[in-house]
Amino acid sequence: MQNNNYIAIDIKTSGRDPYSDYIKMISAVKFTSAAEKGRFSCTIESRELPVIDQKIIMGTQKTKKFFSFRSAYSDFLKFIGDANLISHFSYPDRVFFENECARNHLIMFSNEWIDTQEIMLGQHNGRSKMSDAIEIFGLKANTRSIFSDVEITKNIFMRSIH
């Protein structure tokens, strides 16, 4: 892996079916092995649900609100650049992005994906859930933060390369 820029990413969706459901929220943290370089978060307003008060969901996190995947995607692409993307159980995230791009006639980014669930499967006797990572590594989960799962994913990855 020559690129040492990483983006830990998490998405929230309207359901589990990437062919009929859609991405509602994207959160990401950009970092190198030495330091955090930035954060990105956005909500994409649902085509079916009323607007939700962002203070309830986000606490005090600053989150951009978009009214289409197309406008959110443009900002997201600028943020990720050519960095390696890190996700816990990355397959569904990739499929959701592929389908959102197809529905919106957008070109899917070609960044390399690293799956922290696969890393954990190889190193921790088959224990690979996010809750396993919290227990194994003694991590704290801040459930009121949009970045909670992203921070855990980043920590799993960082502990695996050191």
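Criteria and cut-off values
- Residues numbered from 1 in each chain as written.
- Predicted model: local features only at pLDDT ≥ 70, side-chain atom pairs only at ≥ 80, totals over all residues.
- Heavy atoms only, no water.
- Helix = DSSP H or I, 4+ residues; strand = E, 2+ residues; numbered from the N terminus.
- Buried < 20%, exposed > 50% of the residue type's maximum accessible area, 1.4 Å probe, protein only.
- Contact = heavy atoms within 4.5 Å.
- Areas by Shrake-Rupley, 256 points an atom, 1.4 Å probe, with all protein chains shown as cover.
- Core = buried A, V, L, I, M, F, W, Y, C linked by side-chain atoms within 4.5 Å.
- Pairing = 2+ DSSP bridges.
- Right-handed = clockwise from strand over helix to strand, strands pointing away.
- Phe/Tyr/Trp six-rings, centres within 6.5 Å; stacked < 30°, edge-to-face > 60°.
- Lys NZ or Arg CZ within 6 Å of the ring centre and 35° of its normal.
- Axes fitted to C-alpha atoms, helices over the stretch in contact; angles between N-to-C directions.

## With respect to the overall build of the protein
Here's step 1: When helices and strands are tallied, the protein shows six helices and six strands.
Here's step 2: Reading the secondary structure of the protein in the N-to-C direction produces β-β-β-α-β-α-β-α-β-α-α-α.
Here's step 3: Across the 162 residues that make up the protein, the buried fraction comes to 48%.
Here's step 4: Look at the contacts in the protein between residues 6 or more apart in sequence, and 62% of them connect residues 24 or more apart.
Here's step 5: Accessible area of the protein: about 9,000 Å², with a carbon and sulfur share of 50%.

## Describing the nonpolar core
Within soluble globular proteins, side chains that are nonpolar tend to cluster in buried spots.
Here's step 1: If you look at the biggest cluster of nonpolar residues, it comprises 23 residues, and the most contacted ones within it are I23, I26, F76, F97 and F109.
Here's step 2: Looking at this core, the elements that each hand over two or more residues are β1 (6-13), β2 (23-31), β3 (36-44), α2 (69-80) and α3 (90-103).
Here's step 3: Ranked by residues supplied to this core, first place goes to α2 with six residues.
Here's step 4: Listed in part, the 13 residues of the second largest apolar core include V29, F147, F157 and M158.

## Thoughts on the pairing of strand β5 (residues 84-87)
Here's step 1: Taking every second residue as pointing to the same face, both faces of β5 are buried, with N84 and I86 on one and L85 and S87 on the other.
Here's step 2: Here three bridges tie β1 to β5, and the two strands are oriented parallel to one another. What sits directly across from A8, in β5, is I86.
Here's step 3: For β5 and strand β6 (residues 113-115), the ladder comprises three bridges, and the chain directions are parallel. Its bridge partner being in β6, S87 is matched across the sheet by D115.
Here's step 4: Regarding the hand of the β-α-β motif, the stretch spanning β5, α3 and β6 is right-handed.

## Quick notes on the packing of aromatic side chains
One pair of aromatic rings is described through two measures. These are the centre distance and the angle between the planes.
Here's step 1: For the coordinates displayed, the defined rule picks out twelve aromatic pairs.
Here's step 2: Grouped by ring-pair contacts, the aromatic residues F40, F69, Y73, F76, F79, F97, F109 and W113 constitute a single cluster.
Here's step 3: Above the ring of F147, the side-chain terminus of R39 is found at 4.6 Å from the ring centroid.
Here's step 4: In this arrangement the basic side chain of K154 is found over the ring face of F31, its NZ or CZ atom lying 5.5 Å from the centre.

## Examining the environment of S14
Here's step 1: Within the element layout of this structure, S14 appears in the loop between β1 and β2.
Here's step 2: Here S14 falls in the partly exposed class, since its relative accessible area comes to 30%.
Here's step 3: Distance in space between the C-alpha atoms of S14 and M25 is 9.3 Å, their sequence separation being eleven residues.
Here's step 4: If we ignore the near neighbours within four places in the chain, the residues touching S14 are D21, Y22 and K24.

## Quick word on the sheet that holds strand β4 (residues 64-66)
Here's step 1: An order of β4-β3-β2-β1-β5-β6 is seen for the six strands of this open sheet, with the pairing classed as mixed. Among the strands making up the open sheet, the edge pair consists of β4 and β6. Going across the sheet, the axis of each strand differs from the next one's by a mean of 25°, ignoring polarity.
Here's step 2: Strand direction decides the pairing type here: β2 and β3, joined by seven bridges, are antiparallel. Bridge pairing in β3 links V29 to R39.
Here's step 3: Packed on one face of the sheet, α2 meets β1, β2, β3, β4 and β5 and runs near 175° to β3.

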